[in-house]
Amino acid sequence: MSFGLMEGLAIAAGVVLAGVVAHGVWSARKATPRQAEGAGDSRLEPVMGGAAAVTRAPDDAAADAAEAEGAMQALAELRPAVVPRKTARLDPLIDAIAMLRLESPVTGELALMHLPPTRRAGTKPFLIEGLSTDSGEFELPAPGRRYTEFQAGVQLANRSGALNEIEYSEFVQKLQGFAESVGAMVDLPDMLEVVGHARELDAFASAHDAQLAVVLRANDAAWTVGYLQQAAGRHGFVPGVLPGRLVLPGAEDGAPPVLVLGFDAQAALADDPNVAAVRSVTLSLDVPQTAEATEPYPAWQDAARRLAAEIDATVCDDAGRAITLQAFVGIGEDLKVLYQALEQRDLAAGSAAARRLFS
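Residues numbered from 1 in each chain as written. Predicted model: local features only at pLDDT ≥ 70, side-chain atom pairs only at ≥ 80, totals over all residues. Heavy atoms only, no water.

Visitor: Break down the overall build of the chain for me, citing the residues and quoting the values.
Guide: Broken down by element type, the chain carries ten helices and 18 strands. A burial count over the chain gives 39% of its 359 residues as buried. Across the chain, every contact between residues at least 6 apart in sequence was considered, and the portion connecting residues at least 24 apart equals 69%. Of the roughly 19,200 Å² that the chain leaves accessible, carbon and sulfur atoms contribute 58%. (Helix = DSSP H or I, 4+ residues; strand = E, 2+ residues; numbered from the N terminus. Buried < 20%, exposed > 50% of the residue type's maximum accessible area, 1.4 Å probe, protein only. Contact = heavy atoms within 4.5 Å. Areas by Shrake-Rupley, 256 points an atom, 1.4 Å probe, with all protein chains shown as cover.)

And the structure:
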């Protein structure tokens, strides 16, 4: 039995309509940002195609848990055990230091009472330390201690530039106010010599600074903030202090992060982290802030590769060009020269002086 013309056209139209509807559903599923596991009313799993699958089988969940545990173990092997953070100390390598002579010891309470309200001169931080009668060493003033003299130092350079005459004068003014309050005589270094040294140090720092960054761009569906946090968390990243930042903590307690994963702060501030969509994140490494021995550069490469695979992204430069393996090799060779130059200047990457200079 043959169908008539009208029946055939109706069937063809139905097939086309079904195709259009299917394509629309598929496109909508692709456009939906990937959700974190457990987001919404039911437990959803982000998948690489951009759609979400219902709760997985127990065997699959166990396999994922084992994989996450393996990633955390690899991270633990990469970083040494956490050690206490050392307090900031003056360093003649990067500070202009003035001495404050006392006729008789003063208490820590008196020193604390008259410390300048701000510890900056312009864009440069400064410290005041006291020579303790108990330890015989310089330390930050503290209650219950007595001090026989003080020393104060202002940082010669940082990423804001070299210490200038105005900043040095501000430091001197604040220091003289403190000295008068505690009954000390100030022995100041010559301003022209200090500013000249600051410019030389700033020139060295500018020529040996390195902040590396790659962009991970979504290949298909965007990600929600919750999904990014969950995926990065499996690789050791934790929320940073600022919105839109996830950080891989350093080895020392309170030390700068080894890596920073940054994304749109406005998305991070959204009321629901499972709604705001993100299409790119930046993975950065501040080279002078972490010791070479902890291998931060390999950690940066590895994190870029693993995160890109997990969230279905392409590793790019800031112009959107995909980064090749050869490019990573070239950067690694340049970093070897940089590390050597910093160490020869007694400003090894990860040292307290280097962290302060490159900040």
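Visitor: Quick rundown of the sheet that holds strand β17 (residues 280-286)? Include the residues and the values.
Guide: With respect to topology, six strands assemble into an open sheet ordered β13-β14-β15-β17-β11-β18, the strand pairing being antiparallel. Each having just a single partner strand, β13 (238-239) and β18 (313-316) make up the two edges of the open sheet. Bridge analysis of strand β14 (residues 245-248) against strand β15 (residues 259-262) gives four bridges, and the strand direction is antiparallel. If you follow Leu246 over to β15, its bridge partner there is Leu261. Its contacts with the sheet put helix α8 (residues 296-311) on β11 (211-218), β15, β17 and β18, and the angle it makes with β11 is roughly 5 degrees. (Pairing = 2+ DSSP bridges. Axes fitted to C-alpha atoms, helices over the stretch in contact; angles between N-to-C directions.)

Visitor: Break down the packing of α8 against helix α9 (residues 325-344) for me, with residues and values.
Guide: One way to put it is that α8 packs onto α9 with a least axis distance of 11 Å and a crossing angle of 160 degrees. The angle between α8 and α9 places the two elements in the roughly antiparallel class. Taken as a pair, α8 and α9 cross one another with a handedness that is right-handed. Together, Pro296, Tyr297, Trp300 and Gln301 of α8 and Phe328, Val329, Ile331, Gly332, Leu335 and Tyr339 of α9 make up the contact between the two elements. Looking at the contact of α8 with α9 residue by residue, the classes come out as eight nonpolar, two polar and no charged. (Parallel < 35°, antiparallel > 145°, perpendicular 65-115°, else oblique. Left-handed = near helix turned anticlockwise from the far one by under 90°. Nonpolar A, V, L, I, M, F, W, Y, C, P; charged D, E, K, R; others polar.)

Visitor: So what's going on with the packing of aromatic side chains? Which residues, and what values?
Guide: Using the criterion set out here, one finds six aromatic pairs in the structure. The interplanar angle of 35 degrees and the centroid separation of 5.6 Å between the aromatic rings of Tyr297 and Trp300 together place this pair among those described as tilted. Here Tyr297 and its partner Trp300 are both found in helix α8, three residues apart, which amounts to about one turn of the helix. Grouping residues by exposure puts Tyr297 and Trp300 together as buried. On the numbers, 5.6 Å between centres and 75 degrees between planes, the contact of Trp300 with Phe328 is edge-to-face. Taken together, the residues span a long stretch of sequence, with Trp300 in helix α8 and Phe328 in helix α9 at a distance of 28 residues. Residue Trp300 shares its accessibility class with Phe328, and that shared class is buried. In this structure an aromatic cluster arises from ring pairing among Phe126, Tyr168 and Phe171. Directly above the ring of Phe204 sits Arg345, whose terminal nitrogen or CZ lies 4.7 Å from the centroid. (Phe/Tyr/Trp six-rings, centres within 6.5 Å; stacked < 30°, edge-to-face > 60°. Lys NZ or Arg CZ within 6 Å of the ring centre and 35° of its normal.)

Visitor: Let's hear about the side chain of Arg355: which residues, and what values?
Guide: Here Arg355 is to be found in helix α10 (residues 352-357). Within polar-contact distance, the side chain of Arg355 engages the side chain of Glu252 at 3.3 Å. If we skip the residues at most four places from it in the chain, Arg355 touches Glu252, Ala255, Pro256, Gln289 and Gly350. (Polar contact = N/O pair within 3.5 Å; in protein donor to acceptor, adjacent residues only side chain to side chain.)

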